[in-house]
Amino acid sequence: MHVETVGAGPRVVLLHGSVTSGTVTWVEQKPLADRFTLVVVNRSGYPPGPPLASTDFETQAQELLEILRPGDHLVAHSYGGVVALLASAKAPLASLTVIEPPAFGIARGHPAVEAFLDSVSEAPRDPRGYLEHFLPLVGSRIQLPDPLPAAIEAGARAAIAERPPHEAEIPLADLAAAPYPKLVVSGAHSEAFDAVCDVLQTQLGAERAVVGGVGHSIPRAGTQFNDVLLAFINRAHRAAAGAP
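The structure displayed is predicted, hence computed values, not measured ones.

Student: So what about the packing of aromatic side chains? Which residues, and what values?
Tutor: Considering all chains together, one arrives at five aromatic pairs under this definition. Look at Phe104 and Phe193: their rings are 5.3 Å apart centre to centre, the planes differ by 50 degrees, and that puts the pair in the tilted class. Here the residue Phe104 occupies a position in the loop between β5 (95-99) and α4 (111-121), and Phe193 occupies one in helix α8 (residues 191-204), the gap between them amounting to 89 residues. The exposure classification of Phe104 matches that of Phe193, with both residues buried. Judged by centre distance (5.3 Å) and plane angle (15 degrees), the rings of Tyr130 and Phe134 are stacked. One end of the pair is Tyr130 and the other is Phe134, both in helix α5 (residues 127-137) and four residues apart, which spans about a single turn. The two residues Tyr130 and Phe134 agree in class, both being buried.

Student: How would you explain the pairing of strand β7 (residues 207-210) if you had to name every residue and give the values?
Tutor: Within a regular strand, side chains alternate between the sheet's two faces. Two elements, strand β6 (residues 182-186) and β7, share four bridges in a ladder whose sense is parallel. In the strand pairing of β7, Val184 is matched with Arg208. Crossover β6 to β7 through α8 is right-handed.

Student: Describe the packing of helix α2 (residues 57-67) against helix α3 (residues 79-88), and please don't skip the residues or the numbers.
Tutor: Direction vectors running N to C along α2 and α3 enclose 65 degrees, while the axes themselves pass 8 Å from each other. The crossing of α2 and α3 is right-handed. Taking contact as the criterion, the partners of Phe57, Glu58, Gln60, Ala61, Leu64 and Leu65 in α2 are, on α3, Tyr79, Val82, Val83, Ala84, Leu86 and Ala87. When its residues are assigned to classes, the contact of α2 with α3 shows ten nonpolar, one polar and one charged.

Student: Go over the nonpolar core with me, naming the residues and quoting the values.
Tutor: Core analysis: the biggest nonpolar cluster contains 59 residues, and Ile170 and Leu200 have the highest contact counts within it. Setting aside residues up to four positions removed in sequence, Leu200 forms contacts with Leu85, Val98, Pro101, Ile106, Leu172, Val184, Gly205 and Ala206. Among the nonpolar cores identified, the runner-up in size contains 21 residues, and Val40, Ala209, Ala221 and Leu229 belong to it.

Student: Account for the sheet that holds strand β2 (residues 11-15), with residues named and values stated.
Tutor: The strand order β1-β3-β2-β4-β5-β6-β7 describes an open sheet built from seven strands, whose pairing is mixed. The open sheet terminates on both sides in strands that have one partner only, identified here as β1 (2-7) and β7. Averaged over all pairs of adjacent strands, the angle between strand axes in this sheet comes to 20 degrees, irrespective of strand direction. Across four bridges, β2 lies against strand β4 (residues 73-77) in parallel orientation. By the bridge assignment, Leu14 is partnered in β4 with Val75. Lying over the sheet, helix α9 (residues 223-240) contacts β2, β4, β5, β6 and β7, oriented at roughly 155 degrees with respect to β5.

Student: Talk me through the pattern of salt bridges; I want residue IDs and the actual numbers.
Tutor: Applying the stated criterion to the full structure yields eleven salt bridges. Between Glu132 and Arg128 there is a salt bridge, with the nearest N and O atoms lying 3.3 Å from each other. Taken together, the positions of Glu132 and Arg128, both in helix α5 and four residues apart, correspond to about one turn of that helix. The partly exposed category is assigned to Glu132, whose relative accessible area is 46%. Judged by relative accessible area, Arg128 falls into the partly exposed class, the value being 22%. Via salt bridges that share partners, Asp56, Glu58, Arg163 and Glu167 belong to a single interconnected network.

Student: Could you give me a rundown of the packing of α5 against helix α6 (residues 150-160), with the residues and numbers involved?
Tutor: Packed helices, taken two at a time, are described by the angle their axes make and the gap between the axes. Where α5 contacts α6, the two axes come as close as 9 Å, and the packing angle between them is 75 degrees. Judged by the inter-axis angle, α5 sits roughly perpendicular to α6. In contact with Pro127, Tyr130 and Leu131 of α5, α6 contributes Ile152, Glu153, Ala156, Arg157, Ala159 and Ile160.

Each value, and the rule that gives it
- Residues numbered from 1 in each chain as written.
- Predicted model: local features only at pLDDT ≥ 70, side-chain atom pairs only at ≥ 80, totals over all residues.
- Heavy atoms only, no water.
- Phe/Tyr/Trp six-rings, centres within 6.5 Å; stacked < 30°, edge-to-face > 60°.
- Helix = DSSP H or I, 4+ residues; strand = E, 2+ residues; numbered from the N terminus.
- Buried < 20%, exposed > 50% of the residue type's maximum accessible area, 1.4 Å probe, protein only.
- Pairing = 2+ DSSP bridges.
- Right-handed = clockwise from strand over helix to strand, strands pointing away.
- Axes fitted to C-alpha atoms, helices over the stretch in contact; angles between N-to-C directions.
- Left-handed = near helix turned anticlockwise from the far one by under 90°.
- Contact = heavy atoms within 4.5 Å.
- Nonpolar A, V, L, I, M, F, W, Y, C, P; charged D, E, K, R; others polar.
- Core = buried A, V, L, I, M, F, W, Y, C linked by side-chain atoms within 4.5 Å.
- Salt bridge = Lys/Arg side-chain N within 4 Å of Asp/Glu carboxyl O.
- Parallel < 35°, antiparallel > 145°, perpendicular 65-115°, else oblique.

What follows is the structure in structure tokens.
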């Protein structure tokens, strides 16, 4: 994993999802560096690191544990949320925020989840074909340029190389027992992601927020998402200090 650090204050570790790197995913969170040390993680297989033939959420969870420090606020989007759920059960965090993690294994049997998994399994394995199939499934209306820019093609190849996230065995009991606050964020665009977030909210005793209008790309909502995140982190600080 490659790490970029900016700002000063309590550490907020930002872990990206599929296709886009951490540098691209968290661009709208740069203003938070006025109050926090932002630790932007680029997962293995994504630029600026070298491409990999295959990547695994379990391996990346171990890599993430080497980056995390006691008292970190961990914020993770999409596939990175699956990695974060695996790692954070073993980490002394200040708080955990996951944004639509595709941990579909915890919601198997839900019709929307099964339909989503069936569709994803049919995605082509070339970068353009994969993106044209996958992006509409997560509410993206982006018009792909032709030819694909090098960064987008590299991100697509990295996503294709990822182990399917629904295979992850999320340690729900351990996460529920962890003492730090948890926040689950969804985007009101997908019944499949809503089903996963519903399970996490219930099983972890987590707070729930909905940030709509941007599909799955919730960090791109800018101030709308940042305000939700800041309010949650502030509540976590007050709780840790024993303040009402």
